[in-house]
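As a plain string of letters, each chain reads:
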Amino acid sequence: MTAVTPVLPGLKARYLRSGLHQVKGWLAVSTAVYLSGIEVAQRTDGITGDVAEIGIHHGKSFLCLSLDLPVDQRAIAIDVFDNQTANVDGSGRGDRSIFEQNLTTYGAGSNVEIRQSSSLDLEKDGFVEAGRRFRIFSIDGGHTAEITENDLWIAERTVIDRGLVVLDDVLNRHWLGVISGLFTYLGNGGALVPAVFVPNKLILATSADQAKYYRVLFAEQFPGGREKSDVPLAGNLIDVYAERPWLVRDTDGGSGPITGHEPMATIPAARLAELERQLTSAQRERDTTRAELTATQQRLRAATMPLYRKAARRMPWLARPVRPIVRQVRGVLHRTK
Ligand SMILES: C[S@@+](CC[C@H](N)C(=O)[O-])C[C@H]1O[C@@H](n2cnc3c(N)ncnc32)[C@H](O)[C@@H]1O
């Protein structure tokens, strides 16, 4: 079932519809919609502040947060970029020039600030000291437990009360450092509260009340996206939002789908099961036809060879010119086996 997005400003809508699949990176299509939509919904609800992301790669998710941002609010992009020796677990590979090109292509404003740094150095460089200023803080940098925990503390200490934190790859079985880091952070007294799960990212609020607020806001903004409510996670209840095909609406009254190849995950399970059934049945039909062909060839051989041999024995002068033809027929029968 196709869902409709909230009404989005022009650059965000255009990026989702035709840019998303051009930018390399790791971001579920529906999560691009959820991030873009919630950034706008916050502003509509009077929440102002900057946005930030640790872990940029080519800017796929950063563009969802930073396009159409009011000029007095900044978007901070943090990545080790050229210093890939600091990318200790090889998660992605930030490329500053491709990122900057994407910012230009999709129309990001001059309020984007690029900070080349390991997130492990942010605190000593005064990033935390600068105070609470972010309304969205996306964490998608190094995926080790140590870096994840570090990044969660930095986010907790720099987001505003009504802000939210987005943690990538929490349930990615190849990057279990993330879930380990999350539980270490929570076990060590981390104050962020899980609120909503979107494909591949956990969204945390600053308090239980704020988690409730964001669960309501998500339900209002994405009524077609909620898959399951009240799922327990680490002592909290969260709502889970799904992959959907989307119709992206914009402020000019236009709407259009997200173009490009939809990942397999967007094919509903029932349709996938039906396709698998069709494939199995087609394979069975192919095997039956092959067996029938082999049986027919054997029958043909059994029927013709004795006749030929008999004729060849009795009338060798007649069989001699036919011999090359028989050889050819044999060859054909052999090849089609
Ligand atoms: C998985 S990619 C980010 C994907 C990106 N958010 C997207 O939408 O496609 C991880 C990024 O984090 C960067 N990175 C790795 N370790 C880091 C660290 N300790 N501090 C900052 N950035 C880091 C990598 O260079 C890479 O660009």
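Definitions and limits used
- Numbering of residues starts from 1 in each chain and follows the order in which that chain's sequence is written.
- Local features in this predicted model are restricted to residues of pLDDT 70 or higher, and side-chain atom pairs are both shown and tallied only at a pLDDT of 80 or more, whereas totals for entire chains, interfaces and linings draw on every residue.
- Only hydrogens and water are set aside; all other atoms, that is, all heavy atoms of the structure, feed into the side-chain values.
- Note on conventions: DSSP H or I runs of at least 4 residues are helices, E runs of at least 2 residues are strands, and numbering of each starts at the N terminus.
- Only protein chains enter the area calculation, which uses a 1.4 Å probe; residues under 20% of their type maximum are buried, those over 50% are exposed, and those in between are partly exposed.
- What counts as a domain boundary in this text is fixed by an automatic or database domain assignment.
- Nearness here has a simple test: a residue counts as near a molecule or strand if at least one of its heavy atoms is within 4 Å of that partner.
- Under this definition, polar contacts are N or O atom pairs within 3.5 Å; protein pairs additionally need one hydrogen-donor-capable and one acceptor-capable atom, and for neighbouring residues in sequence, both atoms have to be side-chain atoms.
- All accessible-area figures derive from a Shrake-Rupley calculation using a 1.4 Å probe, and residue coverage is judged against the displayed protein chains alone.
- We place a 1 Å grid over just the protein atoms. Points where a 1.4 Å probe fits but has no way out form a cavity, open points with protein on both sides within 12 Å along at least 5 of 7 lines form a pocket, and any residue with an atom within 4 Å of a point lines it.
- For a molecule to be placed in a cavity or pocket, more than half of its atoms must lie within 2 Å of the grid points of that cavity or pocket.
- The residue classification treats Ala, Val, Leu, Ile, Met, Phe, Trp, Tyr, Cys and Pro as nonpolar and Asp, Glu, Lys and Arg as charged. All others, Gly included, are polar.
- Contacts are assigned to residue pairs that have any heavy atoms within 4.5 Å of one another.

Novice: Summarise unusual backbone geometry; cite the residues concerned and give the values.
Specialist: Phi angles above zero are rare outside glycine, and D169 is one such case at about 60°. Summarising the element assignment, D169 is placed in the loop between β6 (159-168) and α6 (176-187). On the accessibility criterion, D169 (8% relative accessible area) is buried. Although it is not a glycine, D230 adopts a positive phi angle of roughly 55°. Tracing the backbone shows D230 in strand β9 (residues 226-233).

Novice: An account of the domain arrangement of the protein chain is requested, with residue identities and associated values reported.
Specialist: How big an interface is tends to be stated in terms of the accessible area lost upon association of its parts. The domains assigned to the protein chain are domain 1 (3-261) and domain 2 (273-335). The C-alpha centroid of domain 2 is placed 64 Å from the C-alpha centroid of domain 1.

Novice: Go over the site of the ligand, please, and point to the residues and values.
Specialist: Around the ligand, a shell composed of 24 residues is seen, among which W26, S61, D79, S119 and D140 lie nearest. At 2.9 Å from a nitrogen atom of the ligand is found a main-chain nitrogen or oxygen belonging to G55. Within the backbone of G142, an N or O atom sits 3.3 Å from a nitrogen atom of the ligand. Protein contacts shield 99% of the accessible area of the ligand, which totals 610 Å² for the unbound molecule. A majority-of-atoms criterion places the ligand in the largest pocket. At the level of secondary structure, the elements contributing two or more residues to the shell around the ligand comprise β2 (50-54) and α3 (60-66). Tallied by class, residues from the shell around the ligand come to 5 nonpolar, 14 polar and 5 charged.

Novice: Could you give an account of helix α1 (residues 10-19), naming the residues involved and the relevant values?
Specialist: Among the residues of α1, those classed as buried are K12, A13, Y15, L16, R17 and G19. As for α1, its buried residues are in contact with β1 (3-8), α2 (29-44), α3, α4 (96-106), β11 (246-250) and β12 (255-257).

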